[in-house]
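Below, each chain spelled out in residue letters.
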Amino acid sequence: MLLVTIKCPEFEEPPSVQAEGLLSFKFQDLEYLKVLARENQVECNPLLAAVVQNNLGVIAYKNNDHATALQYFSRALALTKERNIYYSRICNNIGLTYEFLGLYLTALDYLDEALEISLRFLPESDDFLATLYANKGIILDSIGEYSEALFFLRKALNIRLLSLGENNFQVMSNYNNLAVVLENLGSYDEGVLCMKRAIKISKMIKTEPSIEQALLYLNLGSFYHDQGKLPKFEEMISAAYTIFSKLNNNELVMAIYKNNKGFGSYWENISFAKSMISKARDIILKNFGNDHPLVAKVYNHLSIVHTAESEIAQAETLLHQAERIGLKYFRPNQLDLAKIYHNLGF
């Protein structure tokens, strides 16, 4: 199964930052930013120039041009001479961009630098520290450091509950991300409770169905599948599809739906499972390229279906491709890599 962490999809006006989102100090009109970037007054004002470059990076990130986003963020960082709170927030943006690209260790370096700086300037109860803790937790989960991930996500949640209350998007995403880590640790009962709480909050803060709600149902369905509660798994998958079919505007959610629906049904209908997971693979390849951790996970799932159909050569090819990607992005002791080796052994 694929479980997905939820990051805040919007950018907030200065000087704060959305949870698990990018910092946008000021100015978000692309043409205006480009004019500012060309004017001499910006070159004479490094802080303003940094703001401009940062926000050009935010726009590039939102347009899925992550290489360009990194260029802008790096320029913003170079223009911010002092290692102050603004510097740390740009480090957060760079870290999140590398996280999207699957370069988790590089992302973690930038998050650690942002935390080291922020802890010198901000009180422990500051919302931006909660953002950094949450982002670090997400990355640690991605590299298999589940106990550490749980520690930082709990720290983020405690800050947010005190400062924001429970009925808040950031708190909802925090509960979901905690549940993802708990699933990886095998703590299914607590994970289900966190996921149910996230779903309850999502219904409180958004009266209309949303992409986030679809993801929450998919994630809860994964828990039920792992617990062998297949009727509940089907119920959650159907609930997610009902929402998504109305919105139909997020390819990644559709990929996760197809993967999880297919993987959950391969014992009953192998050809259907192969079709669904193959469609998930195609969407993920389109959005992430052929060198990303998500690709390794889907190849691993698809290999299981090929093995069930006695298509051993195809399964081995997929597993070796997954291994190549996994050795690049996963740590040696990471569960995702262990699953690939387990299937190669069959």
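Every value quoted in this text rests on a predicted model; they were computed, and no experiment measured them.

Notes on the overall build of the protein chain
Argument step 1. For the protein chain, the count of helices and strands is 17 helices and 0 strands.
Argument step 2. Total accessible area on the protein chain stands at roughly 15,300 Å², and carbon and sulfur atoms take up 52% of it.

Examining the pattern of salt bridges
Argument step 1. Within the structure shown, the criterion is met by 12 salt bridges.
Argument step 2. With a closest N to O distance of 2.9 Å, glutamate 190 and arginine 154 form a salt bridge. Taken together, the residues span a long stretch of sequence, with glutamate 190 in helix H10 (residues 188–205) and arginine 154 in helix H8 (residues 146–164) at a distance of 36 residues.
Argument step 3. Across the pair arginine 281 and aspartate 282 runs a salt bridge, and its minimum N-O distance is 3.1 Å.
Argument step 4. Through salt bridges with shared partners, a single network forms among Arg83, Glu113, Glu116 and Arg120.

Observations regarding the environment of alanine 49
Argument step 1. Looking at the element boundaries, alanine 49 is found in helix H3 (residues 46–62).
Argument step 2. Note on alanine 49: relative accessible area 8%, which makes it buried.
Argument step 3. On a C-alpha basis, the gap between alanine 49 and arginine 75 in space is 9.0 Å, while along the polypeptide they are 26 residues apart.

A word on the environment of asparagine 260
Argument step 1. One can find asparagine 260 in helix H13 (residues 251–264).
Argument step 2. Overall, asparagine 260 belongs to the buried group, its relative accessible area being 0%.
Argument step 3. A sequence separation of 20 residues divides asparagine 260 from alanine 280, and the C-alpha atoms of the two residues are 9.1 Å apart.

Concerning helix H15 (residues 293–308)
Argument step 1. Its 16 residues give H15 an end-to-end C-alpha distance of 24 Å, which sits within 8% of 22 Å, the value for a rise of 1.5 Å per residue.
Argument step 2. The element H15 is largely enclosed, with a buried count of 12 among its 16 residues.
Argument step 3. Every buried residue of H15 is listed here: Pro293, Val295, Ala296, Val298, Tyr299, Asn300, His301, Leu302, Ser303, Ile304, Val305 and His306.
Argument step 4. Close packing links the buried residues of H15 with helix H6 (104–121), H13, helix H14 (270–288), helix H16 (312–329) and helix H17 (335–344).
Argument step 5. Positive phi appears at serine 310, one or two residues downstream of H15, with a value of about 65°.

The rules behind each value
- Residues numbered from 1 in each chain as written.
- Predicted model: local features only at pLDDT ≥ 70, side-chain atom pairs only at ≥ 80, totals over all residues.
- Heavy atoms only, no water.
- Helix = DSSP H or I, 4+ residues; strand = E, 2+ residues; numbered from the N terminus.
- Areas by Shrake-Rupley, 256 points an atom, 1.4 Å probe, with all protein chains shown as cover.
- Salt bridge = Lys/Arg side-chain N within 4 Å of Asp/Glu carboxyl O.
- Buried < 20%, exposed > 50% of the residue type's maximum accessible area, 1.4 Å probe, protein only.
- Expected span 1.5 Å × (residues − 1).
- Contact = heavy atoms within 4.5 Å.

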